[in-house]
Amino acid sequence: MTVYSAPVKDMMFLFEHLKDNKNYNEIEKYKEVTSDLVKDILEEAAKINEEMLLPLAKAGDENPCVYENGVVRTPPGYKEAYSKFIEDGWVSLTCDPKYGGQGMPKTVSAFFDEMLSSSSLSFKLYSELSIGAYNCILSHATEEIKNTYLPKIVEGKWSGTMCLTEPQCGTDLGLIKTKAIKNENGTYNISGQKIFITSGDHDLTENIIHLVLARTQDAPKGTKGISLFLVPKYEINDDGSIGPRNGVNTVSIESKMGIKGSPACVLSFDDAKGYMIGPENKGLNSMFTMMNLERIVVGIQGLGLSETAYQTALSYSKERKQGKSNNNSNGETDLIIKHADIRRSLLNMKSIIEGERSLSFWMAQQVDVSLSHSSEEVKKDASDIVGLMTPVIKSFFTDMGMEITNEAIQVFGGYGYTKDQGIEQLFRDNRITPIYEGTNSVQAIDFVFRKISQKKVFDNFMKYVETEIQDCSKVDKLNEHVKKISELKNILSDFTDWISPNGNTPKDDISASCNDYLRFFGYFCLSFIWLKTMRKSYENLENNKEFYEDKLNTGNYYFDKILPRAESHYKSAISGSKYTMSAKFN
Ligand SMILES: Cc1cc2nc3c(=O)[nH]c(=O)nc-3n(C[C@H](O)[C@H](O)[C@H](O)COP(=O)(O)OP(=O)(O)OC[C@H]3O[C@@H](n4cnc5c(N)ncnc54)[C@H](O)[C@@H]3O)c2cc1C
């Protein structure tokens, strides 16, 4: 069984001391979201995650979703847990009070997303896709559709899906074939097949609201001819009650390596009644509202799974005795946590995880500003920063999740490879996160070819880093780290010039190095946020020495042991792609 105790103390430290985005602090409605309120929410959230949801992870892995007679059944215990989950209002945490939500900011929900990912990613996905659908409908649908669908989604009685992928079409959405034929009354008949649809069918909710990408008749080829449709599993009567079954059926579910409590469905749409969301042929833009926020949450999934892997490995290292450490004085066998190499593994995990949590919190403030600030200009700037950072959070956190869950297995030795301890499940469950919502390589390509060439946005981000460097220069104990990040900033500048698609570097050299660039940037961002975290820790040291000394030790470890990895990615990248492209692969 895995071990998980929600890191509420660390989260509260961030909420109380790193909430320093001036624009965030100007958002009127969030002024009421006080530390006391957030502490209460997080403590309740911790309870539900530790006590009710954590056991569901193993239950779902051992008794995966079942497809029988055209319907999908969730693992034992999921139905009861889901009822309690919606009864307590957890689905509605960030939703607009107008539709029955609680109106909490992302600064709070990011912590909750992390906890859910730590306890049971499979269970989380049911409500996660619903919130994705909620965001998309809220931003792009008509008032009538919003009023019909949003209250039920917010209540958790109806859930949502995101239907993009088809057998011939994964990354390249221009290949979508699903068709939408317009009816006289303005609705559409949707026909085609979608695959890998998370929560495409299940027995937790009364209705499932599919958001489907499809092509209208005579739509232009490629991504310019894609529209977005809302297709409910059951049609809705005029009085809002559930009507007849719509023409969408589950053909099968995938048998897969992880997140077995979450069904990935093959769905067949046969003249299913659908409603267009947003303008015709602009469906991808509308869907991106859902996907961009989703991508940040997928990054947080990697963080959450990493935390459980770390805690479980830490706990084991305090129980397992093997060999004698260098400082052994009594001749007795030591706990493995005494060995420097095990300590290295644990601190690799801890320093990356805590850095990611800080960065995620920093990002959550930007997301809140982008959605809720009163000035359109401020919103736009924050939205640009969110756009820049989204592929980094998605890819870096989930790649690190692979490293961390792998390292945690190693701490267990042979017992990590067997099923009993549950640690191998975390590795398997995390393995999807670098794949779905756009593979990490494609995120890296997007980052280099689209994001960093927006110079103003990139410079805006670097201003945050520069300000932090200035602030930290006044703290003597951070001088060494300030020097390191300043050197790295210079390398980043050279790296950015080298990889810029507008420069002279051959395209294959650039394409072969996007992953290296994103990794470099990820390590760099963590060093920026660790600087901030350490500065705040020094400021508060006397208030809680044990907590802040541990924080500082972890930050120092990051700068000494993890950050040097960044430069190796630069060196690898600038060696070019000669041998990459000349390989014959016979
Ligand atoms: C468990 C699970 C749940 C999922 N949930 C959903 C869901 O809810 N809704 C949904 O619509 N989809 C879902 N998906 C689909 C998922 O988003 C896709 O699998 C993913 O986007 C990749 O598409 P693909 O599998 O077709 O791979 P492909 O696109 O065929 O990619 C194969 C490989 O080629 C690389 N590649 C592709 N294009 C390029 C390029 N231009 N340059 C360089 N490399 C490239 C990729 O990085 C990858 O390594 C899910 C998948 C799984 C397994």
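Let us look at the structure shown here. (Residues numbered from 1 in each chain as written. Predicted model: local features only at pLDDT ≥ 70, side-chain atom pairs only at ≥ 80, totals over all residues.)

Thoughts on the environment of phenylalanine 427
Selection criterion: Helix and strand definitions here come from DSSP, where helices need a minimum of 4 consecutive H or I residues and strands a minimum of 2 consecutive E residues; each element is numbered from the N-terminal end. By definition, residue pairs are in contact when their C-beta atoms, positioned from the backbone, come within 7 Å.
Positionally, phenylalanine 427 belongs in helix H12 (residues 423-430). Distance in space between the C-alpha atoms of phenylalanine 427 and leucine 305 is 8.4 Å, their sequence separation being 122 residues. Not counting chain neighbours up to four residues away, the residues in contact with phenylalanine 427 comprise Thr405, Asn406 and Ile409.

Side note on the nonpolar core
Test applied: Put simply, a nonpolar core is buried Ala, Val, Leu, Ile, Met, Phe, Trp, Tyr and Cys residues tied into one set by C-beta atoms within 7 Å. Any residue with 12 or fewer other C-beta atoms within 10 Å of its own C-beta is exposed, any with 20 or more is buried, and the rest are partly exposed; the C-beta atoms used are placed from the backbone.
Leu211, Phe229, Ala408 and Tyr517 are the most contacted members of the largest nonpolar core, which has 160 residues in total. Looking at this core, the element that brings in the most residues is helix H10 (residues 376-412), giving 15 residues. For tyrosine 517, the residues in contact, after removing those within four places along its chain, are Ala444, Val448, Phe495, Ile499 and Ala573.

A look at the packing of helix H14 (residues 455-473) against helix H15 (residues 479-499)
Counted only if it meets this: In this description, a line fitted to the C-alpha atoms serves as the axis of each element, helices being fitted only across the stretch in contact, and the angle between N-to-C directions of two axes falls anywhere from 0 to 180 degrees. Should an angle fall under 35 degrees it is called roughly parallel, over 145 degrees roughly antiparallel, and 65 to 115 degrees roughly perpendicular, with every other angle called oblique. Left-handed describes a crossing whose near helix is turned anticlockwise from the far helix through less than a right angle; right-handed describes the clockwise counterpart. When residue character is reported, Ala, Val, Leu, Ile, Met, Phe, Trp, Tyr, Cys and Pro are called nonpolar, Asp, Glu, Lys and Arg charged, and the others, Gly included, polar.
Where H14 contacts H15, the two axes come as close as 10 Å, and the packing angle between them is 155°. Here H14 lies roughly antiparallel to H15, going by the angle between them. Here the hand of the crossing between H14 and H15 comes out left-handed. For the pair H14 and H15, the contacting residues are Val465, Ile469, Cys472 and Ser473 in the first and Val482, Ile485, Ser486 and Lys489 in the second. Of the residues that constitute the contact of H14 with H15, the class distribution is 5 nonpolar, 2 polar and 1 charged.

A short note on the site of the ligand
Rules: We call a residue near a molecule or strand if the C-beta atom, set from the backbone, is within 6 Å of it.
By nearness alone, 19 residues border the ligand, and Leu164, Gly170, Thr171, Thr198 and Thr439 come closest of all. For the shell around the ligand, the elements supplying multiple residues, two or more each, are strand E3 (158-163), strand E5 (188-198) and helix H13 (440-451). Along the lines of polarity and charge, the residues of the shell around the ligand split into 11 nonpolar, 7 polar and 1 charged.

Topic: the pairing of strand E11 (residues 264-277)
The test is simple: Between any two strands, pairing holds if DSSP finds at least two bridges.
Pairing analysis gives 8 bridges linking E5 to E11, with the strands arranged antiparallel. Residue threonine 198 lies in a different strand from E11, and its bridge partner there is alanine 264. The pairing of strand E10 (residues 248-253) with E11 spans 5 bridges and is antiparallel. The residue bridging isoleucine 253 from the neighbouring strand is cysteine 265, located in E11.

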